[in-house]
Amino acid sequence: MSNVDARLARTLPPTGGASFGVGGERRGGLPGQRTKRRLLAAVFFAGDFVSGAVAIVFAAVIVVVATGQSGLVGWRQMCLLLLLLIGINCALGHYRPNIRDSMERFRLRVTATLLFVFAGMLMWIRSGSLAELAIVPLAGVVASVIGLWIEHLVRIQLARTDVYATPAVILGAGPSSLALAHLLLSRPACGLRPIGFIDDGARPGDALEVPKPQQGADCTGVTLPVLGTLSGWQSDGGAEVVIVPDLECLPRSPANLYRLNARQVLVVTRLGDFPGFGLQVRNVDCFIALELNGKPGNYSKQLKRAIDVILALVLVLLTAPIVVLLALAIKLVDPGPAFYGQWRVGQFGRPIRVLKLRTMYGDAEQRLERVLASSPDLRQHWQRHFKLPQDPRILPHVGDLMRRASLDELPQLWNVIRGDMSLVGPRPFPAYHMEAFDPEFRTLRASVPPGLTGLWQISSRSNGDLEAQRAEDTFYIRNRALWLDLYILIATVPAVIGATGAK
């Protein structure tokens, strides 16, 4: 079960927030679990409060400086705008603790921003000036961006703690259940921590060995116990979620799930190559169905190209001083050219020469061969990740800094302007890296232009092995949309600041 194949379809608890149990005698689990959920919601709320306040003040200052008119918006009006923004987010359920998916939260954030701009402009359209009207959309956009940055940084930190992890049990003990446990252990950012299995064919107390998660994940190989049988086990608050790994594992009678007394049940369905975004659950009289779009989404290549060129030109102007300083630092550490071109596989399999700041010694390849020849373990790690934890090729200090913050990629903005690359897409890999994948995936990957940043860069980065790269790139290609590109672009900044998985 890959990251792409697994889609968690939520079965929501009964109205009123009662647990998924008989009569709703338990509400929300043990006090410790309730406290964690409230803490998580409070952290997201505080982040939006801070980002909203900063955005409104920033927008007011910008408008005052641009127009030269002081006193356009008073503190009372700014507080009213902040309450409006937070109120809309609350009304849309943005702070519900059961919303774990970051892209779902982003769509709610964008919806809240649009409603805030609409309602805010209605408030001032009769009595306010044009300058005052400009404050509302500017504040909405800035609040959305800063709020996403704060949320992404918080998620990076909380994913390493128990605050973000909801204890879950998995129904069954077969291959699909073990594969799902492996997936969740490998991806703590999912927010679900498996603690055991429920299975009628095993004895309570038995332990099942879960395949070791990918190297670089927060977890190591573990064994999880069989907690009990479907008819005999009942959650006492230690597990809040029951996950059904396959529709075939569903019991015939819903009462068997109700008596488990869990707060929530998730049923996994495999969609394969079908896009996973925009799914709707439809309750028809005689069945429940997942509604997919009848036609592929309209993905405007011309609009994407226009956005690429405009943003790349702006970023080139903003980052030019940084690139010059880094080039000087490289020459001081290791004499030689500060820039170099590396041949990568581009769209339709055409070779492209991507520009980079040099982060390695001039004799990097010889250094690599010496290290790989001296250690079979490092050679195996290299063949799986094409990365080394302590790479002998990297320039001291400046090389580590550039690779952790991805500053060595800044010259590739010129590749974007030239049309070799896009701002968002699968990262361009060398030919030897592409050959490690199967032919079907290579064809799929070559169907889109490579990107300066992508879904892999804001999630796994160097922590992801070939399977993680394949899953996340496939997910992006199958679900391409301009709003997804926007999310990845905004989320790249906190991912770089947090240096998630960078090497």
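Quick caveat, the model's predicted, so the values are computed rather than measured.

### Brief notes about the overall build of the protein
Reasoning step 1: Counting its secondary structure elements, the protein contains 15 helices and 13 strands.
Reasoning step 2: Residue burial in the protein is summarised as follows: out of 503 residues, 48% are buried.
Reasoning step 3: Taking all contacts inside the protein whose residues are at least 6 apart in sequence as the whole, residues at least 24 apart take part in 73%.
Reasoning step 4: Only carbon and sulfur atoms are counted for the fraction: they give 62% of the accessible area of the protein, which is about 24800 Å².

### Focus on the environment of Gln 264
Reasoning step 1: Structurally, Gln 264 can be placed in strand β7 (residues 264-270).
Reasoning step 2: Here Gln 264 falls in the buried class, since its relative accessible area comes to 4%.
Reasoning step 3: Note: C-alpha distance between Gln 264 and Ala 168 (96 residues apart in sequence) is 9.4 Å.

### Quick notes on helix α3 (residues 102-124)
Reasoning step 1: The end-to-end C-alpha distance of α3 is 33 Å, a good match for the 33 Å that 23 residues give at a rise of 1.5 Å each.
Reasoning step 2: Inspection of α3 places Ser 102, Met 103, Arg 105, Phe 106, Leu 108, Arg 109, Ala 112, Thr 113, Phe 116, Val 117, Gly 120 and Trp 124 among the buried residues, and these make up the whole buried set.

### Focus on the pattern of salt bridges
Reasoning step 1: Following the criterion strictly, the structure yields 11 salt bridges and no others.
Reasoning step 2: The salt bridge partner of Arg 427 is Glu 409, with a shortest N-O separation of 2.8 Å. Linking Arg 427 in the loop between β12 (422-424) and α12 (431-434) with Glu 409 in the loop between α10 (398-404) and α11 (412-418), this pair joins segments that are 18 residues apart in sequence. Accessibility classification places Arg 427 together with Glu 409 in one group, the buried group.
Reasoning step 3: Close ionic contact of Arg 470 with Asp 438 constitutes a salt bridge, the shortest N to O distance being 2.9 Å. Here Arg 470, found in helix α14 (residues 466-478), pairs with Asp 438, found in the loop between α12 and α13 (439-445); they are 32 residues apart in sequence, far enough to count as distant.
Reasoning step 4: The class for Arg 470 is partly exposed, based on a relative accessible area of 26%.

Parameters at a glance
Residues numbered from 1 in each chain as written. Predicted model: local features only at pLDDT ≥ 70, side-chain atom pairs only at ≥ 80, totals over all residues. Heavy atoms only, no water. Helix = DSSP H or I, 4+ residues; strand = E, 2+ residues; numbered from the N terminus. Buried < 20%, exposed > 50% of the residue type's maximum accessible area, 1.4 Å probe, protein only. Contact = heavy atoms within 4.5 Å. Areas by Shrake-Rupley, 256 points an atom, 1.4 Å probe, with all protein chains shown as cover. Expected span 1.5 Å × (residues − 1). Salt bridge = Lys/Arg side-chain N within 4 Å of Asp/Glu carboxyl O.

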